[in-house]
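Listed below, chain by chain, are the residues.
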Amino acid sequence: MNLAVNESIFRSRREGLTQDTLRLWQSPNSVVIGTRNSYGDDVNHEACRKYCIEIVRAISVVNGVLYQDMGNLNFAVAADAAFFKHLIEDYQPVLSEYQILNEGIAKGLQMFGVDAKADPSGIYIGNRRISEALPLWFYDFLLFQGTLLINTDLDIYNEATRTECSPEKKDALTSLSFELGKNIQIDDVKKALVKGVEERLNVRFEEECLVENEQKLIKKLYRVKYGLSKWNVNAHKFFLIGMGKTAVEVFVAYPPTSMCRELIRLVNDVVSDLQDEVKVMVWMRGKGMYQHGPYPEMSSALRAAEKNNVIPVIIINGELKFRKSVPSKEDLRKTILNALWFKRKKSSRKRVEKNA
Amino acid sequence: MAPSSEIVACSLCGKMEKADYVCPDGHYICEDCRLASPDRLVKKVCEATQETDPTKIAILLMKHPAIQMHGPEHHYLVSCALLAVLRNLGKFKIDGSAFDKAISRGKKVLLGSCGLWGVCGAAAGVGMAVSIATKATMMSDKERSLSMQAASEVLNEIAKIGGPRCCKASTFAAIETAARFFEREFGIRFSSSENPRSCYFKVLNKECFGNKCPYFG
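Residues numbered from 1 in each chain as written. Chains lettered and ligands numbered in written order. Predicted model: local features only at pLDDT ≥ 70, side-chain atom pairs only at ≥ 80, totals over all residues. Heavy atoms only, no water.

Visitor: Can you help me understand the overall build of chain B in this one?
Guide: Scanning chain B from terminus to terminus reveals nine helices and four strands. Helices (α) and strands (β) of chain B occur, in sequence order from the N terminus, as β-β-β-β-α-α-α-α-α-α-α-α-α. The C-alpha atoms of chain B give 17 Å as radius of gyration, which agrees with the globular expectation for 217 residues (17 Å, within 12%). Along the longest, intermediate and shortest principal axes, the C-alpha atoms of chain B span 55 × 40 × 30 Å. Taken over 217 residues, chain B has a buried fraction of 49%. Sequence-distant contacts, at least 24 apart, represent 59% of the contacts inside chain B between residues at least 6 apart. Of the roughly 10,200 Å² of accessible surface on chain B, a fraction of 54% belongs to carbon and sulfur atoms. Charged side chains in chain B number 28 positive and 22 negative. The centres of these two groups are separated by 3 Å. (Helix = DSSP H or I, 4+ residues; strand = E, 2+ residues; numbered from the N terminus. Rg over C-alpha atoms; globule rule 2.2 N^0.38 Å. Buried < 20%, exposed > 50% of the residue type's maximum accessible area, 1.4 Å probe, protein only. Contact = heavy atoms within 4.5 Å. Areas by Shrake-Rupley, 256 points an atom, 1.4 Å probe, with all protein chains shown as cover. Lys, Arg positive; Asp, Glu negative; His and termini not counted. Charge placed at Lys NZ, Arg CZ, Asp CG, Glu CD.)

Structure below.
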């Protein structure tokens, strides 16, 4: 659920519904893998079974395997990257954002008297890593989600993430309690981390709750993505636009032909009573990817249709459903409702599983 | 564009049909052309045109939404435009199969071949047009030499433009160089009613290198 919270905050930020956000949380034993990591090969499943460790997949642009337990302090920053540009000399896109955020977190650690050093790949004490992140980008918006090892059980960390492809990590890891030789109160680290990030970014954070849209989206993201093995095991990419509406993309000729116009009219007619849950986007061939604003969300199916000159088409939630013909109103409505209903059905099944 | 219900000719392929929209200048594009894939569009237009200026044909085609700003369709667009003009001038016997050959050969030239192979697809397209017009094969003598000579002259001109690649600039350079080549080698003079300067596509090209390009201003 925590990953759904992060993605919800990120989507809310990029839609302009909220401000730049720092979120801190703890979670029970889990291994978090990156979007492109292999579920089968990058995690030690035997150790995960032994210690009841949940394996979840984060959405990220880099590979990585993180272990979290209640001794970790996890963090997520959702921000517009434009904010970081004036905070560093010799700004380098992508690397500078990671560097600045890691420096802020390292500042927080330094308040405990450890010599924490930041670089774009993480935070280190000596040669040992104490913090690592799995960042995600959407145009200029960054979601920097990672973990800080405070009282973490490094033996379990090592065991759970040790695989044939990834050898012993123990000597490469450290925790704050290991460095200081005593257990640390997570609340103290939270305060120090917030202070460190505030100083580095030259900002003041205000504590706020999630907004209503974010809360709704968290449930939806968990239902259609983070709660499903399709995502966690197979990394099947779910196409969810903005704040999680079902997307109906119509790809037509420019100027639209009579068939294209009929298709647009039919789609608008079918979704007229589903406006709260469905977003219709009409893409015209040759008008470019920015025809719907500066941050277009175009499914890969639509890109494929454009590349292969399959036109006109209707794509629902990233899946090509109708091509080169006008479907009947009943067929189209059934397909759109199925896309909505699929999610509801999954949700009720999950609840049954939990109750069992 | 204004709604219409008149019977008008398609500005691309010449087909007469009842128009739904007509632009202020009276242009209309038929439904089939609006939905056409790049290869189908290029073939349809080149088969139908009576034009004797290859630049005019190329610009007409490149304005169609199916032809991307940069893309491998320019490779066969150049050869088909040249073949259409050669046919219209009556100096070579060019039939419908010539366009199929040009499209088929042009499709084999990779996207980005300019940077990857050192051979721009537009230059290869001119070589293909000469090869198809003269019926050259690898066993031919003069025809083979002419095809390679045409391609190399065009390549040399495109190389002078610099980068990053612009398929529009390469197309213009290829056609201009091909026009000089055909006049010199075959005594065929293309008409040049359309001036590619200033480039119609410069505002659409994110990587346009501006004044550095001979077709910019």
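Visitor: Whenever I open this one, the nonpolar core confuses me. Can you help?
Guide: For soluble globular proteins, the rule of thumb is that nonpolar side chains tend to be buried together. Val31, Leu109, Ile130, Phe144, Leu148, Ile150 and Leu176 of chain A are the most contacted members of the largest nonpolar core, which totals 71 residues. Not counting the four nearest positions on each side in its chain, Val31 of chain A is found in contact with Val43, Cys48, Ile53, Glu54, Ile55, Val56, Val65, Leu66, Tyr67 and Ala160 of chain A. The next biggest cluster of nonpolar side chains, apart from the first, holds 66 residues, and it includes Ala123, Ile132, Ile175 and Phe201 of chain B. (Core = buried A, V, L, I, M, F, W, Y, C linked by side-chain atoms within 4.5 Å.)

Visitor: Just to check I follow, could you spell out the sheet that holds strand β12 (residues 313-316) of chain A for this structure?
Guide: Strand pairing in a sheet takes place through backbone hydrogen bonds and is either antiparallel or parallel in direction. All names here are of chain A. One open sheet accounts for four strands, arranged β11-β10-β12-β13; its pairing is mixed. With partners counted over all chains shown, the strands left at the sheet margins are β11 (278-284) and β13 (319-323), one partner each. Shown here is a sheet whose adjacent strand axes are inclined to one another by a mean of 20°, direction ignored. Strand direction decides the pairing type here: strand β10 (residues 246-252) and β11, joined by seven bridges, are parallel. Across the sheet, Glu249 pairs through a bridge with Met281, a residue of β11. (Pairing = 2+ DSSP bridges. Axes fitted to C-alpha atoms, helices over the stretch in contact; angles between N-to-C directions.)

Visitor: Just checking my understanding: could you explain the layout of surface pockets for this structure?
Guide: Any space left empty among the atoms is revealed by the rolling of a water-sized probe across them. All names here are of chain A. Approximately 1,100 Å³ is the volume attributed to the second largest pocket. Forming the walls of the second largest pocket are 39 residues, and the residues nearest its centre are Lys237, Phe238, Phe239, Leu240 and Ser300. Contributing elements (two or more residues each) for the lining of the second largest pocket: α1 (2-14), β8 (128-138), α7 (212-226), α8 (229-232), α10 (300-307), β13 and α11 (329-355). The element contributing the most residues to the lining of the second largest pocket is α11, with five residues. Looking at the lining of the second largest pocket residue by residue, the classes come out as 18 nonpolar, nine polar and 12 charged. (1 Å grid on protein atoms, 1.4 Å probe; cavity = no way out; pocket = protein on both sides within 12 Å on 5 of 7 lines; lining within 4 Å. Points joined across faces, edges and corners; volume = space filled by probe spheres on them. Nonpolar A, V, L, I, M, F, W, Y, C, P; charged D, E, K, R; others polar.)

Visitor: Mind showing me how you'd approach the interface of chain A and chain B here?
Guide: When the parts of a complex come together, some accessible area is lost, and that lost area is often used as the size of the interface. Listed per partner, the contact involves 14 residues of chain A and 13 residues of chain B. Together, the buried faces of chain A and chain B total about 1,100 Å²; carbon and sulfur atoms form 59% of this surface. Our count for the contact surface shared by chain A and chain B stands at one salt bridge. Among the salt bridges present, the one from Arg261 of chain A reaches Asp20 of chain B, with a minimum N-O distance of 2.8 Å. The interface formed by chain A and chain B includes seven residue pairs in polar contact (both at pLDDT 80 or more). Of the residues that constitute the side of chain A that touches chain B, the class distribution is eight nonpolar, four polar and two charged. (Buried area = accessible area lost by both parts, 1.4 Å probe. Salt bridge = Lys/Arg side-chain N within 4 Å of Asp/Glu carboxyl O. Polar contact = N/O pair within 3.5 Å; in protein donor to acceptor, adjacent residues only side chain to side chain.)

Visitor: I would appreciate a short explanation of the pairing of β12 of chain A in the present structure.
Guide: The two faces of the sheet receive side chains in turn, since in a regular strand these alternate between them. Residue and element names in this part refer to chain A. Of the two faces of β12, the one carrying Val313 and Ile315 and the one carrying Ile314 and Ile316 are both buried. As judged from the four bridges shared by β10 and β12, these two strands associate in the antiparallel manner. Each residue of the ladder has a partner; that of Phe251, found in β12, is Val313. Counted along the chain from β12 to the antiparallel partner β13, the turn is two residues long, and its residue Asn317 has a positive phi close to 50°.

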